[in-house]
Amino acid sequence: MNKKKHRKITKDSVTSVLYPLLFGAVIVVLWQTQILHKILGTDTFVLPLPDRIFTIIGDNMGAIMENVKATVIVSLGGLILGSALGYLLGMIAMAFPKWGAGGLTVVSAFNAVPIIAIAPILNNLTKDFSEDANTRSMIAKTLVVTITCTVAMSINAFRGFTELKPFSLDLMKSYAANKATIFFKLRVPNSLPYVFTALRVSVPASIISALVSEYFAEYIIGVGRQIRENIVLAQYATAWAYIVVACAIGIVLYLILLFAEGILLKNRRPRWKSV
Amino acid sequence: MKTNKNKMMKLCALVLVAAMVVMVFTSCSGSKSSEASTDGTAATTAGKYYASDATAESIVKDAAAKGKVGNWGLGNEYEIQALLSKFGQDTKYLSQAFDMNGFDDDSILLASAMTYNELGLVKNSYKGGYKYGDGVKYIDMNEQGVAMLEDNLFTTKKFATENPNTTKAFIYATLKGWEYACANPEEAAEIVYKSGSSVSTEHQAYMAAEVKKLVETDTTGSAVKNYGNMDETAMQQTLDLAKKYIKLSDSTAASKLQTLTLNDIRDTSYLKDAAASAGKFGKLEKTSVKVQLKWLPQAQFMGYYVALSKGYYKDVGLTVTIVPGGGDIGETTAVNSGQVDFGVTWVSNLIAANAGGMNLVEVAQVFQRSGLVLVYKINK
């Protein structure tokens, strides 16, 4: 039984890793052999070959890492702040369920505000936060990411707190558990999978909003800013190098998230399936 | 049970209050910034700016030390970097937005401005102006010997070779438009305004008068009679500074940049032929062409709008569509990909594009001197 289960997981994980990898490899081969260029009707100027892109990445590792650091600090900082704020909002909505759900709908309207609209506004609002341009533009960028990450978390946290397993609330009440106990013993653990659902949306969103907010920042640094600068200067190969780096950041952070999820939710998963 | 419920309610209320306090605090600090900026303007008399007789060197050194030199970047920064280097400063600068708010609120002490655009907004009191009048002075890149040539007319080498008559006819009619516009800047401003202007009529008129100076004066301050002339010395200075300050991460492009000569970036033959012709060009290879501007419709490009509205393009047998730029539109990319036939860009942008692998060629140099200045406030 155990062995069978083990083999099944291996097969699943092999296919789920192998197929995307194979697909990626095929694309890279088509790209390098310029068949992709013929299919898309483009040239090696706008879409440079992979070897050139990777040469640029190799040549500029130091400068690239400096920009990566700036982008990752902003996206992670905003992700943590936004998620914490969202979780808090979810809690408030749970405590006052009558208007909580409606309130969250209002909060979710924030998600409709485009990043390109709030980024310049926050830039102006944070101008007096620090004498150092790098610091104050970091704050502005982090706030943009915070706003984008809050909504997903608040809605999911609210669902995690309120969509409890049938009878579990009745069970707690039959033990005469007070609200605090119900909250910490039932609602918080119940919200964990929902938190990860929110993070799966927020992690890519945090990187995208960090990249875009860099376009408007006062201090010139970050992967997104480099993409823009190089495209405007018609340096497409360098721009592509930074695009590849941006993708890598997204993939690495997402993998870290999946890894953390696997560890934290490991004991819960089988029980979830059996329910 | 009841007390527990109350406790819970109290806890939630506390959390809510805390959240509100945080929100109020953040919005407070937000409004503080605007208060501080008004204080800043009031403090002009206290002497926090520059003496009206201060040297360019002392101002640049002070602003650079404070990290308050601004530029838009995106290929507009090389003259500023050359000036910073000239005075032994680090070439870092603040990213300046496309308005002058950063200069107004003192987050930028030495701000980049084009004589025909931002400088007018800073000085003048018409709509959108910051009304500084004589309260500001500026450092001129031409006087500092770091001028790089700006608005030109370019196409791809392939287009020019395959369509020589069209290229000559387009240059001829365009320069005729510029000639008329410079002779009648007010009328030119009016024409641009009607063609879908991005700014007010007053600012358009100011811009036309300033652009006229750039078209008819060279970097040394002498008058230029032959419109579109590609002055060897100024072009060479532009190329030399470009090689020094355009930093390319792509090693292939970076080494190509260093090998570029004037012959790789400009061709004077089309301009010569256009000037020698009397508006007759034989059979045009292509009669319908598009020209991509570097920015939104404004008097900076009045020559093209005048040539179109006065029928100069029609006279040489061309149907011309003017495509306005704006934002991150890459005029070099648009021309290189064949979406448009001609483009207006800064010479340094063309150099960077050719280093990156494009085959662009300048066929006329419309602006004869740099229009970039660094503007600063003076103590009253």
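Scoring rules and cut-offs
- Residues numbered from 1 in each chain as written.
- Chains lettered and ligands numbered in written order.
- Predicted model: local features only at pLDDT ≥ 70, side-chain atom pairs only at ≥ 80, totals over all residues.
- Heavy atoms only, no water.
- Helix = DSSP H or I, 4+ residues; strand = E, 2+ residues; numbered from the N terminus.
- Buried < 20%, exposed > 50% of the residue type's maximum accessible area, 1.4 Å probe, protein only.
- Areas by Shrake-Rupley, 256 points an atom, 1.4 Å probe, with all protein chains shown as cover.
- Pairing = 2+ DSSP bridges.
- Contact = heavy atoms within 4.5 Å.
- Axes fitted to C-alpha atoms, helices over the stretch in contact; angles between N-to-C directions.
- Expected span 1.5 Å × (residues − 1).
- Arc of directions from axis to C-beta.
- Polar contact = N/O pair within 3.5 Å; in protein donor to acceptor, adjacent residues only side chain to side chain.
- Buried area = accessible area lost by both parts, 1.4 Å probe.
- Salt bridge = Lys/Arg side-chain N within 4 Å of Asp/Glu carboxyl O.
- Nonpolar A, V, L, I, M, F, W, Y, C, P; charged D, E, K, R; others polar.
- Parallel < 35°, antiparallel > 145°, perpendicular 65-115°, else oblique.
- Left-handed = near helix turned anticlockwise from the far one by under 90°.

### Considerations on the overall build of chain B
So, point 1. For chain B, the count of helices and strands is 17 helices and 10 strands.
So, point 2. Residue burial in chain B is summarised as follows: out of 380 residues, 54% are buried.
So, point 3. Surface accessibility of chain B: about 16,000 Å² in total, with carbon and sulfur atoms responsible for 55%.

### Looking at the sheet that holds strand E1 (residues 69-71) of chain B
Residue and element names in this part refer to chain B.
So, point 1. With mixed pairing, five strands are arranged side by side in an open sheet as E2-E1-E3-E10-E4. Each edge of the open sheet is held by one strand with a lone partner, namely strand E2 (94-95) and strand E4 (136-140).
So, point 2. For strand E3 (residues 110-114) and strand E10 (residues 372-377), the ladder comprises four bridges, and the chain directions are antiparallel. Following the sheet pairing, Ala-113 is matched in E10 by Val-373.
So, point 3. The strands touched by helix H3 (residues 78-86) are E1, E3, E4 and E10; relative to E10, the strand with the most contacts, the crossing angle is about 65°.

### Observations regarding helix H5 (residues 97-108) of chain A
The periodicity of an α-helix, 3.6 residues per turn, causes residues three or four positions apart to be oriented the same way.
Residue and element names in this part refer to chain A.
So, point 1. If you check H5, its first and last C-alpha atoms are 16 Å apart, about what 12 residues at 1.5 Å a residue would give, namely 16 Å.
So, point 2. Taken as a whole, H5 has its buried residues at Gly-100, Leu-104 and Val-107. Buried residues of H5 fall within an arc of 60° about the axis and therefore sit on the same side. Seen from the open side of H5, the exposed residues pointing more than 90 degrees away from its buried face are Lys-98, Thr-105 and Val-106.
So, point 3. Residues of H5 that are buried make contact with helix H4 (61-95) and helix H7 (133-162).

### A short note on the pairing of strand E9 (residues 360-365) of chain B
All names here are of chain B.
So, point 1. Among the six residues in E9, six count as buried, and that is most of the element.
So, point 2. Here strand E5 (residues 152-156) runs beside E9; their pairing, made up of five bridges, is antiparallel. By the bridge assignment, Asn-152 is partnered in E9 with Gln-365.

### A few points about the environment of Val-203 of chain A
Residues and elements named next belong to chain A.
So, point 1. Mapping Val-203 onto the fold places it in helix H9 (residues 179-216).
So, point 2. Taking relative accessible area as the criterion, Val-203 reaches 4% and is therefore assigned buried.
So, point 3. When the C-alpha atoms of Val-203 and Gln-226 are compared, they prove to be 21 Å apart, with 23 residues separating the residues in sequence.
So, point 4. Apart from residues lying up to four places away in sequence, Val-203 is in contact with Leu-79, Leu-253, Tyr-254 and Leu-257.

### Some remarks on the environment of Gln-89 of chain B
All names here are of chain B.
So, point 1. Along the polypeptide, Gln-89 turns up in the loop between H3 and E2.
So, point 2. In this structure the C-alpha to C-alpha distance between Gln-89 and Ala-64, which are 25 residues apart in sequence, comes to 6.7 Å.
So, point 3. Side-chain polar atoms of Gln-89 contact the backbone oxygen of Phe-87, separated by 3.1 Å.

### Observations regarding the interface of chain A and chain B
So, point 1. Counting from both sides, the interface comprises 36 residues of chain A and, opposite them, 43 residues of chain B.
So, point 2. Between chain A and chain B, roughly 3,400 Å² of surface is buried when both sides are summed, and carbon and sulfur atoms account for 59% of that area.
So, point 3. At the boundary of chain A and chain B, one finds two salt bridges.
So, point 4. Counting every contact that joins chain A to chain B gives 10 residue pairs in polar contact (both at pLDDT 80 or more).
So, point 5. Counting residues per element, the ones that place at least two in the side of chain A that touches chain B are helix H3 (50-59), H4, helix H6 (115-125), H7, H9, helix H10 (223-232) and helix H11 (236-264) of chain A.
So, point 6. The greatest single-element share of the side of chain A that touches chain B, amounting to four residues, is contributed by H10 of chain A.
So, point 7. Residue composition of the side of chain A that touches chain B, by class: 20 nonpolar, five polar and 11 charged.

### Here's the deal with the packing of H4 of chain A against H11 of chain A
Residue and element names in this part refer to chain A.
So, point 1. Close contact between H4 and H11 brings their axes to 11 Å; oriented N to C, the two are set at 45°. Comparing their axes, H11 and H4 come out oblique. As H4 runs across H11, the sense of the crossing is right-handed. Of H11, the residues touching H4 (which contributes Ala-63, Ile-64, Asn-67, Val-68, Val-72, Ser-75 and Leu-76) are Tyr-242, Val-245, Ile-249 and Leu-253.
So, point 2. Grouping the amino acids of the contact of H4 with H11 by side-chain chemistry returns nine nonpolar, two polar and no charged.

Keep in mind these values describe shape, not function.
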